[in-house]
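Report on the structure
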Amino acid sequence: MEEGLVVCRANHVPLTPLSFLERAAFVYPKRIALIHGNISYSWQELHGRCLNLASALSQLGVSPGHIVAAVVPNVPALYELHFSVPMAGAVLSALNTQLDASTLAQILQQLEAKVIFVYSDFIELVLQALIILQEKDEPYLVVLIHDSTNNVKEPPASSATPKILDYQTLLEMGQPNFKIVYPKNEFDPISINFTSGSTGKPKGVVYSHRAAYLNAIADIFRYEMWKSPVFLWTVDMFRCNGWCLPWTVAALGGSNICLREINGKEILESIYLHNVTHFCGAPMILTKIADAIGTNQPLLPHEVSVTVAGVLPPPEILTKLEELGFNINNAYGMSEALGPVISMPRKFQDNSDEEANVKIREGIHNIMMEEVDVKDPESMKSVPADGKTTGEIMFRGNAMMLGYLKDPSRTEEAFEGGWYRTKDLGIKYPDGYIKLKDRAIDIIKSGGKIISTLEIEGVLIRHPMVLEAAVVARPDDVLGETPCAFVKLKQGCFATDEEIIKFCEDWLQDYMVPQAVIFGDLPLNSSGKIQKFILRDKAKELKCLPL
């Protein structure tokens, strides 16, 4: 560095999203920060509650580097934990509330959490998991959260958890003059999110203060949130820390609306009641909303932006929502990238004018993600932008994970070559648009042709009788592999395998049409994703059976 130039505390402060809450409490002290049922908090009140909770955690012995786990749905307490836990210098791990006791025990063993926050509805699940872990030297400390809108559920007695504290009591222990423990290094961990990937084995994805801060800012551009949004919580906060949106809404001084139950009717009512501007989640929420729309449904008070990550439902559902006033965006990303990386309005994806091309480039090259590319995984060269050459989608930027918890070999493999390797296959078009073709492990190789299971699934869910669908490879002595479809029909509906296959023939090339269709429930993991490795095993069993 040249003489006279320095990096010091005056010109370098470690980046952390904790600063967003401090700013919101100062700039927007009386503005409503959070609403849940009949309770609401201003940013000043929310800031005070988070300070008290951080102070109480410190009194419990939580210190920098400790991990605090939470088995909590989208209620105010989980939003508060996104700030109060790192305020105490600790690391938050918000866990999926749909885990089974065995998987939860496996994750808790990895985490070695100092404290576990538990919503009352899930206390029995957590106690079952702790019984599995009774060999632990020190008993776990559990903090029980009650929904103030419902009757209090008392937890069952258990020797596995000798000490259970009440959340409200813990808040009252805190001191409002608590000194926030800011990170000394912006690369210090702020959270751990678990992903099962395609194997069913949970991996702890570690986020840094720096990445969370930068991705929260990137979200402002990614979802066009701008000033004072009203955000409806339909995406789980335990998924990539709610796509980092708890911190984004604080940065903008917006309002958070927490739902008691996520269904189409509740979503619509909340939009009209609270003037919601944005919400996110899985594509299934679009179907739920469409089903809840009444015959004389009034138009939305203003355009409402909804971003979903995954395969979109049939066009007739999307059109129905767009006519009501929804602006639908389709996103792609993963836990390792702190949530969605690519996000584009649906209405631009089929256009070819310059405005559409700009939106495509904005969606691909977002602020904070320096590069998104499709590469040959061996040579690491970019594939031609010809809309047909397949390669692996890769990311490189500042909003990426630090690595996998206690798993250096997997971390090294994920970052091999200086890029994050998604193991997703895609193609790149001349306008820059990147289209996801399939997971590398899911692709079907049939008679020298490469078949995308996602493309077949996209056709299957268009069938009026089909609720969910998954396609995997079925071994074939002649072609190597052929598509095998697993289909769950809508309640009260009936269809034959011949009807499903005929429907696919009208939309797909011959070699892509499923050669077998199996009806029934689909195996889901705790994140609601279809466990294709189970279906692949079932397809192998069908190899020699007549269908």
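Quick look at the structure, then. Predicted model only: the values in this text are computed from it and were never measured.

Regarding its fold elements, the protein presents 17 helices and 25 strands. Relative to the globule expectation of 24 Å for 547 residues, the C-alpha radius of gyration of the protein, 24 Å, shows essentially globular dimensions. Principal-axis analysis of the C-alpha atoms gives the protein an extent of 70 × 65 × 55 Å. Out of the 547 residues in the protein, the part that is buried amounts to 54%. Here the analysis covers contacts within the protein between residues at least 6 apart in sequence; of these, 69% occur between residues at least 24 apart. For the protein, the distance from the average position of its 50 positive side-chain charges to the average position of its 65 negative side-chain charges is 2 Å.

Quick look at the nonpolar core now. Ranked by internal contacts, the top residues of the largest apolar core, which has 126 residues, are Trp-43, Tyr-79, Leu-95, Leu-108, Phe-117 and Phe-395. Among the elements that take part in this core, helix H2 (residues 43-59) stands out by supplying eight residues, more than any other. If we skip the residues at most four places from it in the chain, Phe-395 touches Tyr-332, Met-334, Ala-337, Val-341, Met-369, Glu-371, Val-372, Met-400, Trp-419, Tyr-420 and Thr-422.

Once that is clear, we can look at the pairing of strand S4 (residues 91-94). On S4, burial covers both faces: Val-91 and Ser-93 on one face and Leu-92 and Ala-94 on the other are all buried. Relative to S4, strand S3 (residues 67-71) is paired through four bridges, and the arrangement is parallel. Bridging across to S4, Ala-70 finds its partner in Ala-94.

Let us now look at the environment of Gly-387. For Gly-387, the location among the structural elements is in the loop between strand S16 (371-375) and strand S17 (391-396). Accessibility expressed as a relative area gives 18% for Gly-387, which makes it buried. C-alpha of Gly-387 to C-alpha of Ile-427: the two residues are 40 residues apart in sequence and 5.6 Å apart in space. Ignoring any residue separated from it by four or fewer positions in sequence, one finds Gly-387 in contact with Ile-427, Lys-428 and Tyr-429.

Before going further, it helps to examine the sheet that holds strand S11 (residues 255-258). With mixed pairing, the eight strands of this open sheet are ordered in space as S2-S1-S11-S10-S12-S13-S14-S15. Among the strands making up the open sheet, the edge pair consists of strand S2 (39-42) and strand S15 (339-345). The average angle at which neighbouring strand axes cross in this sheet is 20°, direction not considered. Of the pairings in the sheet, the one linking strand S12 (residues 278-281) to strand S13 (residues 304-309) comprises four bridges and is parallel in character. By the bridge assignment, Cys-280 is partnered in S13 with Thr-307.

Once that is clear, we can look at a nonpolar patch on the surface. There is a patch of nonpolar side chains on the surface, built from Phe-221, Trp-226 and Ile-367 and spanning about 310 Å² of accessible area. Inspection of the secondary structure puts Ile-367 in the loop between helix H13 (354-364) and S16. We classify Ile-367 as partly exposed; its relative accessible area is 38%.

Turning to the packing of aromatic side chains, a few remarks are in order. All chains considered together, the criterion is met by 13 aromatic pairs. Relative to Tyr-213, the ring of Phe-20 has its centre 4.9 Å away and its plane inclined at 25°; by these criteria the two rings are stacked. One end of the pair, Phe-20, is in helix H1 (residues 18-27); the other, Tyr-213, is in helix H7 (residues 209-222), with 193 residues separating them in the sequence. Accessibility assignment for this pair places Phe-20 and Tyr-213 in one class, buried. Both rings, one in Tyr-223 and one in Trp-243, keep their centres 6.3 Å apart while their planes meet at 25°; by these two values the pair is stacked.

Spatial ordering of the open sheet is given by S23-S24-S25, a layout of three strands whose pairing is mixed. Each having just a single partner strand, strand S23 (466-476) and strand S25 (516-519) make up the two edges of the open sheet. Here the strands of the sheet are splayed against their neighbours by 25° on average, with no regard to which way each runs. Contacting S23 and strand S24 (480-489), helix H15 (residues 453-460) runs over the sheet at an angle of about 145° to S23.

Because each turn of an α-helix spans 3.6 residues, side chains separated by three or four positions end up pointing in the same direction. For H2, which comprises 17 residues, the first-to-last C-alpha distance of 24 Å matches the rise-based estimate of 24 Å (1.5 Å per residue) to within 8%. For H2, every residue scored as buried is listed here: Trp-43, Leu-46, His-47, Arg-49, Cys-50, Leu-51, Leu-53, Ala-54, Ser-55, Ala-56 and Leu-57. Positive backbone phi, approximately 100°, marks Gly-61, located one or two places after H2.

Looking at the element boundaries, Leu-479 is found in the loop between S23 and S24. Spatially, the C-alpha atom of Leu-479 lies 64 Å from that of Asn-11, the residues being 468 residues apart in sequence. The residues touching Leu-479, leaving out its near neighbours within four places in the chain, are Lys-445, Ser-446 and Gly-447.

Here Asp-373 is to be found in strand S16. Asp-373 sits in the buried class, given a relative accessible area of 8%. Residue contacts for Asp-373: discarding those within four places in its chain leaves Ser-382, Glu-392, Ile-393, Met-394, Trp-419, Lys-428 and Ile-434.

At Trp-226, a position not held by glycine, the phi torsion is positive, near 55°. Turning to its location among the elements, Trp-226 is positioned in the loop between H7 and strand S10 (230-233). Of note, Lys-406 is a non-glycine position whose phi angle comes to about 55°, a positive value. Within the fold, Lys-406 resides in the loop between strand S18 (403-404) and helix H14 (408-414). According to the relative accessible area criterion, Lys-406 is exposed, its value standing at 54%.

To continue, consider a negative patch on the surface. On the surface, a cluster of negative charge is made up of Asp-376, Glu-378, Glu-412 and Glu-416. On the accessibility criterion, Glu-378 (73% relative accessible area) is exposed.

Under the criterion given, the structure shown has zero disulfides. Note on Cys-240: no disulfide assigned, nearest cysteine sulfur contributed by Cys-244 at a separation of 7.6 Å. Taking relative accessible area as the criterion, Cys-240 reaches 8% and is therefore assigned buried. Cys-280 carries a free sulfur, and the closest cysteine sulfur to it, the one in Cys-240, is 12 Å from it.

Conventions used here
Residues numbered from 1 in each chain as written. Predicted model: local features only at pLDDT ≥ 70, side-chain atom pairs only at ≥ 80, totals over all residues. Heavy atoms only, no water. Helix = DSSP H or I, 4+ residues; strand = E, 2+ residues; numbered from the N terminus. Rg over C-alpha atoms; globule rule 2.2 N^0.38 Å. Buried < 20%, exposed > 50% of the residue type's maximum accessible area, 1.4 Å probe, protein only. Contact = heavy atoms within 4.5 Å. Lys, Arg positive; Asp, Glu negative; His and termini not counted. Charge placed at Lys NZ, Arg CZ, Asp CG, Glu CD. Core = buried A, V, L, I, M, F, W, Y, C linked by side-chain atoms within 4.5 Å. Pairing = 2+ DSSP bridges. Axes fitted to C-alpha atoms, helices over the stretch in contact; angles between N-to-C directions. Patch = residues over 30% accessible without salt bridge, like charges linked within 9 Å, V, L, I, M, F, W, Y side chains within 5 Å. Areas by Shrake-Rupley, 256 points an atom, 1.4 Å probe, with all protein chains shown as cover. Salt bridge = Lys/Arg side-chain N within 4 Å of Asp/Glu carboxyl O. Phe/Tyr/Trp six-rings, centres within 6.5 Å; stacked < 30°, edge-to-face > 60°. Expected span 1.5 Å × (residues − 1). Disulfide = S-S within 2.5 Å.

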